[in-house]
Amino acid sequence: MNKRAGCLSIVVDNETLREDLVRDWGFSCHIRTQDKRVLFDTGSDPLLLLGNMERMGIDPARVDTVVLSHAHWDHIGGLAGVLGSGSRPTVVAPRSFPDRFFQEMVSMDVSCRAVDDSAEIAPGVFTTGEMGRDIPEQALVVQTGGRLVVVTGCAHPGIVEIARKVKETFHGPIGLLIGGFHLMGKGSGEVRRISGQLEDLGVYRIAPCHCTGAGPSEVIASQFGDRYLTCGAGLEVALPFS
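This report concerns the structure included in the present document. (Residues numbered from 1 in each chain as written. Predicted model: local features only at pLDDT ≥ 70, side-chain atom pairs only at ≥ 80, totals over all residues. Heavy atoms only, no water.)

Right, let's get into the overall build of the chain. Each helix and strand counted, the chain has seven helices and 13 strands in total. In terms of overall dimensions, the chain is globule-like: its C-alpha atoms have a radius of gyration of 16 Å, near the 18 Å expected for 242 residues. Within the chain, buried positions represent 56% of all 242 residues. Partitioning the contacts of the chain with sequence separation of at least 6, the portion at a separation of at least 24 is 65%. Of the roughly 10,000 Å² of accessible surface on the chain, a fraction of 45% belongs to carbon and sulfur atoms. (Helix = DSSP H or I, 4+ residues; strand = E, 2+ residues; numbered from the N terminus. Rg over C-alpha atoms; globule rule 2.2 N^0.38 Å. Buried < 20%, exposed > 50% of the residue type's maximum accessible area, 1.4 Å probe, protein only. Contact = heavy atoms within 4.5 Å. Areas by Shrake-Rupley, 256 points an atom, 1.4 Å probe, with all protein chains shown as cover.)

This is the structure we're talking about:
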């Protein structure tokens, strides 16, 4: 795996680590590699997304690709802001997205790619492919510094299942697992079991946010110790990540 200088930045989340950024229920993450700029999910509010991007020095006009994890509004609602800025990135969405979504992209002269299997979407940046049945979803994988960085939107198919598929597909150690884990409402015992399974899969650092929930995040933090990263809008992680 080639090292690629860049940065992963959380643009939208329920929590914020910076006073100048606005929090909102939703998720968006910007990945800058040596070659490309990828926006994974867009939060729910177009103006909020653009405002946070501006404060973080991220130019929507320079985004090459927008990857949407799943069709819930708190992950796709901000897309109108990116497109409204005049930017025309390639939009990568699970094939299960409604036909009207793809038709709307075509009507706006936006190049759109429907995916079902894992595939490279930029040098060193991959989709897991569509996972799950009830709420189909894809996650993002970045190959960097000999490790894998895995970004999840809501992990509806299961955070352990996503991590397991990444290990089976990309055959590398997961240096960082970050994003929504969909653990709200789960008991501490179940969260400890899930956290243990992630450790068994070799997840080194972990940064849950969005739909993970405060209680489950505390349980995960207690298990991972100093390998736990507090996540929220404004978090920036240098790539390559080791």
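Structure's up, so let's keep going.
Our next topic: the sheet that holds strand β9 (residues 140-144). Adjacent strands of a sheet pair through backbone hydrogen bonds, lying either parallel or antiparallel. The six strands lie next to each other as β7-β8-β9-β10-β11-β12, forming an open sheet whose pairing is mixed. Edge positions in the sheet fall to β7 (117-122) and β12 (205-209), since each of these pairs with one other strand and no more. Averaged over all adjacent pairs, the angle separating strand axes in this sheet is 20°, with direction ignored. In this sheet, β12 lies alongside strand β11 (residues 174-180) in parallel orientation, the contact comprising five bridges. Residue pairing in the sheet places leucine 176 in a bridge with arginine 205 of β12. Sitting on the sheet, helix α5 (residues 159-170) is in contact with β7, β8 (125-129), β9, β10 (147-152) and β11, with an inclination near 145° to β10. (Pairing = 2+ DSSP bridges. Axes fitted to C-alpha atoms, helices over the stretch in contact; angles between N-to-C directions.)

Before going further, it helps to examine the packing of helix α6 (residues 188-200) against helix α7 (residues 214-224). Contact pair α6 / α7: the axes reach a minimum separation of 9 Å and the direction vectors enclose 45°. Compared by their axis directions, α6 and α7 come out oblique. Of the two possible hands of crossing, α6 and α7 adopt the one that is right-handed. Judged by residue contacts, Ser188, Val191, Arg192, Ser195, Gly196, Leu198 and Glu199 of α6 engage Pro216, Val219, Ile220, Gln223 and Phe224 from α7. Looking at the contact of α6 with α7 residue by residue, the class counts come to six nonpolar, four polar and two charged. (Parallel < 35°, antiparallel > 145°, perpendicular 65-115°, else oblique. Left-handed = near helix turned anticlockwise from the far one by under 90°. Nonpolar A, V, L, I, M, F, W, Y, C, P; charged D, E, K, R; others polar.)

This brings us to the state of the cysteines. Inspection of the entire model under this criterion finds zero disulfides. For the unlinked cysteine cysteine 211, the closest cysteine sulfur is that of cysteine 154, found at 3.5 Å. With a relative accessible area of 4%, cysteine 211 lands in the buried category. Of all cysteine sulfurs, the one in cysteine 209 lies closest to cysteine 231, which takes part in no disulfide; the gap is 3.5 Å. (Disulfide = S-S within 2.5 Å.)

With respect to the secondary-structure elements, arginine 95 resides in the loop between β5 (90-94) and α4 (99-107). Look at arginine 95 and you get partly exposed, because its relative accessible area is 46%. Separated by 22 residues in sequence, arginine 95 and aspartate 117 place their C-alpha atoms 9.5 Å apart. Those residues in contact with arginine 95, other than ones at most four positions away along the chain, are Phe102, Ala114, Val115, Asp116 and Glu130. Side-chain polar atoms of arginine 95 contact the side chain of aspartate 116, separated by 3.1 Å. (Polar contact = N/O pair within 3.5 Å; in protein donor to acceptor, adjacent residues only side chain to side chain.)

On to the nonpolar core. Core analysis: the biggest nonpolar cluster contains 27 residues, and Ile159, Val166, Leu177, Leu198, Ile206 and Ile220 have the highest contact counts within it. Considering every element that reaches this core, the biggest residue donor is α5, with six residues. Those residues in contact with leucine 177 that sit more than four places away from it in its chain are Val150, Thr152, Ile159, Leu198, Val203, Arg205, Ile206 and Ala207. Judged by nonpolar contacts, the second largest core, of 25 residues, contains Phe27, Ala122, Ile178 and Leu239. (Core = buried A, V, L, I, M, F, W, Y, C linked by side-chain atoms within 4.5 Å.)

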